[in-house]
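Take a look at the letters that make up each chain.
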Amino acid sequence: MAPQPLRAGIPRRVLIKLSGEALMGEDAYGINPTVLGRIANETRQLVERGIQVAIVIGGGNICRGSDLAALGMDRIAADHMGMLATVINGLALQDALEHLQQSARVMSALQIHQVCEDYIRRRAVHHLEKGFVVILTAGTGNPFFTTDSAASLRAIEINADLMIKATKVDGIYSADPVKCRTAQRYEVIAYDQVLEQKLAVMDATAIVLCRDNRMPLRVVDMTRDGALVRAGTGESEGTLVTFAA
C-alpha cells in the first residue's frame, strides 16, 4: 500500500523507544507474540500514513546489564550481554513486521554481520526514505550507556521530528502513581522541570541530549491499543516533554 500524504502538524519522521519489559505483556519473561504483533501492526499503520519510523528497542525482557552487574558480574561484560538482548528483540520485531508485508531493517551498533546490518547513519536515513522501518539495536555499542541515551542520540542523528518513549505508564507523573494515589499526570512538561524534580522518565543523559538538541519527546503507554499511532500522528497522547511548559 502506498503511503498517504502527510497532513499539516504530523511528524515526517519519528523515533520510537520501545521498552523491552513491555514486550513481555503479562508474561514473566521473554517476548509475548500478541504484544509483538500489536506493536508491529501499529508501526505499519504509521508507515502507511506516510511517516518514517525508526525504533530503538530495549532488552530488559531478556537481560539487563545493570541488573547483572548488581549481582557481581563485570559491568562491561554484563552491558554487552544486554546489548545482545536488544538484537534478539530487534530480530523478532523485524520478523513480525515482515509477516505484515512491511519492510524492515535491523541495524546494530555492534558488528554482527551474519544477522543484521551495522548502524551507519546515512544508510539508516536511506532506508527510512525508502519506507523501511529501521530497528536500531545494541544501544550505542558502548557499556555504561542506556538504551534511553541511545534513543536520544539516534533521534538527533537521523533528524527525527519527534521521539516517542513507549513504556507501561501513560505519561509522566509528579510521583510514582503506583505508590502515590495523588500523583499528578502532566499533559506538558519542560525538560528542565523533569531534571529539577528528578522525574523517572529517562536517565539524565538522555534528557539533556533531547533538551540541548530541541528534540520533542512524548511519553506514552504502549500497552494501550492505538497509542503509538495516536502519538506518531500528532495527537495528544500521554505526556509531551518540550522546552517550556
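What this report covers is the structure whose coordinates are included nearby. These figures come from a predicted structure and were not determined experimentally. For every chain, the first residue of the written sequence is number 1, and numbering continues from 1 along that sequence. Where local features are concerned, this predicted model is filtered to residues with pLDDT of at least 70; where side-chain atom pairs are given and counted, the filter is 80 or more; whole-chain, interface and lining totals use all residues. The side-chain numbers reported here are obtained from all heavy atoms of the structure, hydrogens and water having been left aside.

## Some points on the overall build of the protein
Okay, step 1: Only runs of H or I of at least four residues qualify as helices and only runs of E of at least two qualify as strands under DSSP, and these elements are numbered from the N terminus. On a plain count of helices and strands, the protein comes out with eight helices and 11 strands.
Okay, step 2: Over its C-alpha atoms the protein spans a radius of gyration of 17 Å, differing by no more than 12% from the 18 Å that the globule rule assigns to 245 residues.
Okay, step 3: Projected onto the principal axes, the alpha-carbon positions of the protein cover approximately 50 × 45 × 35 Å.
Okay, step 4: When a residue's accessible area, from a 1.4 Å probe over protein chains only, is under 20% of the maximum for its type it is buried; when over 50% it is exposed; and in between it is partly exposed. Considering the protein as a whole, with its 245 residues, one finds that 51% of them fall into the buried category.
Okay, step 5: Within the protein, contacts between residues at least 6 apart in sequence are counted, and of these 72% link residues at least 24 apart.
Okay, step 6: Each accessible area is a Shrake-Rupley estimate made with a 1.4 Å probe; only the visible protein chains count as cover when residues are assessed. Summed over its atoms, the accessible surface of the protein is roughly 11600 Å², and 51% of this surface lies on carbon and sulfur atoms.
Okay, step 7: Charged residues are defined here as Lys and Arg on the positive side and Asp and Glu on the negative side; His and the ends of the chain fall outside this count. Here the site of a charge means NZ on Lys, CZ on Arg, CG on Asp, or CD on Glu. Considering the protein, the positive charge centre built from 26 side chains and the negative charge centre built from 27 side chains are found 4 Å apart. Two things to know: the radius of gyration comes from C-alpha atoms, and the globule rule equals 2.2 Å times the number of residues to the power 0.38. In what follows, residue pairs with any heavy atoms lying within 4.5 Å of each other are defined as contacts.

## A short note on helix α1 (residues 33-48)
Okay, step 1: In this model, α1 (16 residues) spans 22 Å end to end at C-alpha, consistent with the 22 Å of a helix rising 1.5 Å per residue.
Okay, step 2: Buried within α1 are the following residues: Val35, Leu36, Arg38, Ile39, Ala40, Glu42, Thr43, Arg44, Leu46, Val47 and Glu48.
Okay, step 3: Of the surrounding secondary structure, the elements contacted by the buried residues of α1 are β1 (13-18), β2 (52-57), α3 (75-99), β5 (133-137) and α8 (227-232).
Okay, step 4: Within 3.5 Å is the distance limit for a polar contact, defined as a pair of N or O atoms, with the added protein rule that one can donate a hydrogen and the other accept it, and that residues adjacent in sequence qualify only through two side-chain atoms. The distance from a side-chain oxygen at the start of α1 to the backbone nitrogen of threonine 34 is 2.9 Å, and the residue carrying that oxygen is asparagine 32.
Okay, step 5: Among the residues trailing α1, glycine 50 stands out with phi positive, at a value near 90 degrees. A helix's residues, less one, multiplied by 1.5 Å, set its expected span.

## Focus on unusual backbone geometry
Okay, step 1: Located in the positive-phi region is alanine 138, a residue other than glycine, with phi close to 65 degrees.
Okay, step 2: The topology assignment puts alanine 138 in the loop between β5 and α5 (147-157).
Okay, step 3: Residue lysine 198 is not a glycine yet carries a positive backbone phi of 55 degrees.

## Description of the pattern of salt bridges
Okay, step 1: Note on definitions: salt bridges are taken to be side-chain nitrogens of Lys or Arg within 4 Å of carboxyl oxygens of Asp or Glu. Considering all chains together, one arrives at 18 salt bridges under this definition.
Okay, step 2: For arginine 13, the salt bridge is made with glutamate 129, and the minimal N-O distance between the two is 4.0 Å. Of this pair, arginine 13 sits in strand β1 while glutamate 129 sits in helix α4 (residues 121-129), placing them 116 residues apart in sequence.
Okay, step 3: Across the salt bridge formed by arginine 75 and aspartate 79, the nearest N and O atoms sit 2.9 Å from each other. A residue pair is termed a helical-turn pair when its members lie 3 or 4 positions apart in one helix, as arginine 75 and aspartate 79 do in helix α3 at four residues.
Okay, step 4: According to the relative accessible area criterion, arginine 75 is partly exposed, its value standing at 30%.

## Quick look at the packing of aromatic side chains
Okay, step 1: Only rings of Phe, Tyr and Trp enter the pairing, Trp through its six-membered ring, and a pair is recorded when the two centres are within 6.5 Å. The plane angle decides the type: under 30 degrees is stacked, over 60 is edge-to-face, the rest tilted. Across all of its chains, the model carries one aromatic pair by this definition.
Okay, step 2: For the ring pair tyrosine 191 and phenylalanine 243, a centre distance of 6.0 Å and an interplane angle of 40 degrees mean the geometry is tilted. Of this pair, tyrosine 191 sits in helix α6 (residues 191-196) while phenylalanine 243 sits in the segment after β11 (239-242), placing them 52 residues apart in sequence.
Okay, step 3: Overall, the relative accessible area of 1% leaves tyrosine 191 in the buried class.
Okay, step 4: The criterion is that NZ of a Lys, or CZ of an Arg, lies within 6 Å of the ring centre and within 35 degrees of the ring normal, and then a charge sits over that ring. Taking the ring centre of phenylalanine 243 as reference, the NZ or CZ of arginine 214 above it sits at 4.2 Å.

## Description of the nonpolar core
Note on soluble globular proteins: their nonpolar side chains tend to be buried together.
Okay, step 1: What makes a nonpolar core is a set of buried Ala, Val, Leu, Ile, Met, Phe, Trp, Tyr and Cys residues whose side-chain atoms join them at distances within 4.5 Å. Counting 36 residues, the largest nonpolar core has Ile16, Leu18, Ile39, Val53, Leu93, Ile135 and Leu228 as its most contacted members.
Okay, step 2: Elements represented by at least two residues in this core include exactly β1, α1, β2, α3, β3 (104-108), β5, β6 (162-167) and α8.
Okay, step 3: Sequence-distant contacts of leucine 18, defined by excluding residues within four places in its chain, comprise Ile39, Ile55, Val56, Ile57, Gly58, Leu93, Ala166, Met222 and Leu228.
Okay, step 4: Residues Met107, Tyr186, Leu199 and Ala206 belong to the second largest nonpolar core, which totals 30 residues.

## Focus: the sheet that holds strand β4 (residues 117-118)
Neighbouring strands of a sheet are bound in pairs by backbone hydrogen bonds; such pairs are parallel or else antiparallel.
Okay, step 1: When DSSP finds two or more bridges between two strands, those strands count as paired. Spatially, β4-β3-β5-β2-β1-β6-β10-β11-β9 is the arrangement adopted by the nine strands of the open sheet, whose pairing is mixed. Looking at strand neighbours, the two that pair on one side only are β4 and β9 (188-190), the edges of this open sheet.
Okay, step 2: In this structure, β1 lies alongside β2, joined through six bridges in parallel fashion. From the neighbouring strand, valine 14 faces β2, where its bridge partner is valine 53.
Okay, step 3: In this fold α1 packs onto β1, β2 and β5, with an angle of close to 150 degrees to the strand it touches most, β2. Only the contacting stretch of a helix is used when fitting its axis, a line to C-alpha atoms as for every element, and angles between N-to-C directions run 0 to 180 degrees.

## Some points on the environment of alanine 92
Okay, step 1: Inspection of the secondary structure assignment puts alanine 92 in helix α3.
Okay, step 2: Ignoring sequence-local partners within four residues, the contact set of alanine 92 consists of Ile31 and Leu36.

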